[in-house]
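Residue-level structure breakdown
Each chain, letter by letter, is given below.
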Amino acid sequence: MNSSLAPARDIDGKAIAAQVLNEVRDEIAELARQALFPALAVILVGDDPASQVYVRNKLLRAEEVGIRSLEHRLPESTSQAELLQLIAELNADPAVNGILVQLPLPAYIEEHAVIQAIDPLKDVDGFHRENVGGLVHGAEVLTPCTPSGCMRLLQETCGDLRGKHAVVIGRSNIVGKPMATLLLQADCSVSVVHSRSVDAPALCRLADIVVAAVGRPQLIDASWLKPGAVVIDVGINRIETETGTRLVGDVDYASARTVASAITPVPGGVGPMTIAYLLKNTVIATQLQQSR
Ligand code: GUN
């Protein structure tokens, strides 16, 4: 049980994302006073249904806050050279401030080559090596959206993060590694637990903060948690149920909330934050481009 014996409170990602979007609107109004009108190009190759939903949501939210969105839907048959040509054109277009290539790409396209082709100052995903290196060095760069959103949720929930022990479960380039770096910058002690870790639950039980990003449905239950831990669940997994399918996180929510002090629900936790920080990154990209 958590220290108060009450179930964990939900961390309301929708409400905090709405706050971030309001900040973005204010920043866009300020840019407009300087005759700057941020535009975001989103490229989707192929017709993966989940990617189509993600891209549609990104474009809708962009328009809602006043960011012009440019959609580039390319057929599954698009060659790597054609995709690189489009990126070169968007890099060279001063009216485009952000470029996002939705992942995953078809297997025959090298993801790495595509990401490295994006102008680092337009790389709103923060995946380019220059931005990854800058993040590790503590420079002012574009940082990946999901980890940035998780940091905001933690700051709103815990206030000061200094000295807390954070355990990140998962070591992907998109979430786990940048998340660990951001937590370290916030003066947390950070452990990264992964598939080769010995006794992951025991390591996790040392954590004041747990960030789960492994893509394994409901892997983390109460037995992994220290009483009072704050839990951020990045997972979005669709599972079969007797009545159809349902979205669950990497955390077993019902079990974990008996021990945690605060937890993100799925959906409605991290998801809305990722889009909010994509739009914030588009504003930051527009600002950074003014000083080149
Ligand atoms: N696919 C799943 N997550 C992401 C993300 O954060 N950015 C991009 N570009 N594609 C994704």
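Residue numbering note: each chain is counted from 1, following its sequence as written. Only residues with pLDDT of at least 70 get local features here, since the model is predicted, and only at 80 or more are side-chain atom pairs given and counted; chain-wide, interface and lining totals rely on the full set of residues.

Moving on, we come to the overall build of the chain. Every helix listed is a DSSP run of H or I at least four residues long, and every strand listed is a run of E at least two residues long, numbered separately from the N terminus. Looking only at helices and strands, the chain has 10 helices and 11 strands in total. The globule rule used for comparison is 2.2 Å times the number of residues to the exponent 0.38, while the radius of gyration itself is calculated over C-alpha atoms. Taken over C-alpha atoms, the radius of gyration comes to 19 Å for the chain, in line with the 19 Å a tight globule of 292 residues would show. By principal-axis analysis of the C-alpha atoms, the chain measures approximately 55 × 40 × 35 Å. Taking all 292 residues of the chain together, 45% fall into the buried category. Working definition of burial: number of other C-beta atoms within 10 Å of the residue's own, with buried at 20 or more, exposed at 12 or fewer, and partly exposed in between, all C-beta atoms being placed from the backbone.

The next thing to look at is the domain arrangement of the chain. Bring the parts together and some accessible area is lost; that lost area is often taken as the interface size. Structurally, the chain comprises domain 1 (36–119) and domain 2 (144–272). Here domain 1 and domain 2 have C-alpha centroids that lie 28 Å from each other. Here the bounds of each domain stem from an automatic or database domain assignment.

Pairing in this open sheet of 3 strands is parallel, and the strands run S3-S2-S4 from one edge to the other. Only two strands of the sheet have a single neighbouring strand rather than two, namely strand S3 (68–74) and strand S4 (98–101). Going across the sheet, the axis of each strand differs from the next one's by a mean of 15 degrees, ignoring polarity. Note: strand S2 (residues 39–45) against S4, 4 bridges, orientation parallel. In the sheet register, Ile 43 faces S4, and the bridge partner there is Val 101. Placing a C-beta atom from the backbone of each residue, one calls two residues in contact when those atoms lie within 7 Å. Fitted lines through C-alpha atoms serve as axes, helices being fitted only where they are in contact, and the angles separating the N-to-C directions of these axes extend from 0 to 180 degrees. Against the sheet, helix H2 (residues 49–65) makes contact with S2 and S3, and its axis sits at roughly 170 degrees relative to S2, the strand it touches most. Taken strand by strand, helix H3 (residues 80–92) contacts S2, S3 and S4, and its axis lies near 180 degrees from that of S2. Only strands that DSSP links by at least two bridges are regarded as paired with each other.

A separate point is the sheet that holds strand S5 (residues 165–169). Read from one edge of the open sheet, 6 strands run S1-S11-S8-S7-S5-S6, paired in parallel fashion. Only two strands of the sheet have a single neighbouring strand rather than two, namely strand S1 (9–10) and strand S6 (189–193). In the sheet, S5 pairs with strand S7 (residues 209–212) via 4 bridges, with the strands oriented parallel. Bridge pairing in S7 links Val 168 to Val 211. Packed on one face of the sheet, helix H7 (residues 176–185) meets S5, S6 and S7 and runs near 165 degrees to S6.

UniProt positions are given in the numbering used here, feature names are shortened, and annotations may be inferred rather than shown by experiment. With numbering matched to this structure, UniProt assigns "binding site: NADP(+)" (unreviewed entry) to Gly 170, Arg 171, Ser 172 and Ile 236. For Gly 170, the position within the fold is in the loop between S5 and H7. Once residues within four sequence positions are removed from consideration, Gly 170 is found in contact with Val 175, Gly 176, His 194, Ala 213 and Val 214. Mapped onto the elements, Ile 236 comes out in the loop between strand S8 (230–233) and strand S9 (237–241). If we ignore the near neighbours within four places in the chain, the residues touching Ile 236 are Leu 247, Gly 249, Val 266 and Gly 271.

As a packed pair, helix H6 (residues 145–158) and helix H10 (residues 270–290) sit with axes 8 Å apart at the nearest point and diverge in direction by 110 degrees. Taken together, the axes of H6 and H10 lie roughly perpendicular to each other. As for the relative orientation of H6 and H10, their crossing is right-handed in sense. Taken together, the residues of H10 that come into contact with H6 (itself represented by Cys 145, Thr 146, Ser 148, Gly 149, Cys 150, Arg 152 and Leu 153) are Val 270, Met 273, Thr 274, Ala 276, Tyr 277, Leu 278 and Asn 281. Oblique is the label for any angle not under 35 degrees, not over 145, and not in the 65 to 115 range, which are roughly parallel, roughly antiparallel and roughly perpendicular in turn. Crossing handedness follows the turn of the near helix against the far one: under a right angle anticlockwise gives a left-handed crossing, and clockwise gives a right-handed one.

Around the ligand sit Leu 100, Val 101, Gln 102, Leu 103, Asp 125, Cys 145, Thr 146 and Ile 174, and that is every residue in its neighbourhood. Those elements that place two or more of their residues in the shell around the ligand are S4 and H6. Split by residue class, the shell around the ligand holds 5 nonpolar, 2 polar and 1 charged. Summarising the domain contributions, the shell around the ligand has at least three residues from each of domain 1 (36–119) and domain 2 (144–272). A molecule or strand has a residue near it when that residue's C-beta atom, placed from backbone coordinates, lies within 6 Å of it. Only Asp, Glu, Lys and Arg are considered charged in this grouping, and only Ala, Val, Leu, Ile, Met, Phe, Trp, Tyr, Cys and Pro are considered nonpolar; every other residue, Gly among them, is considered polar.

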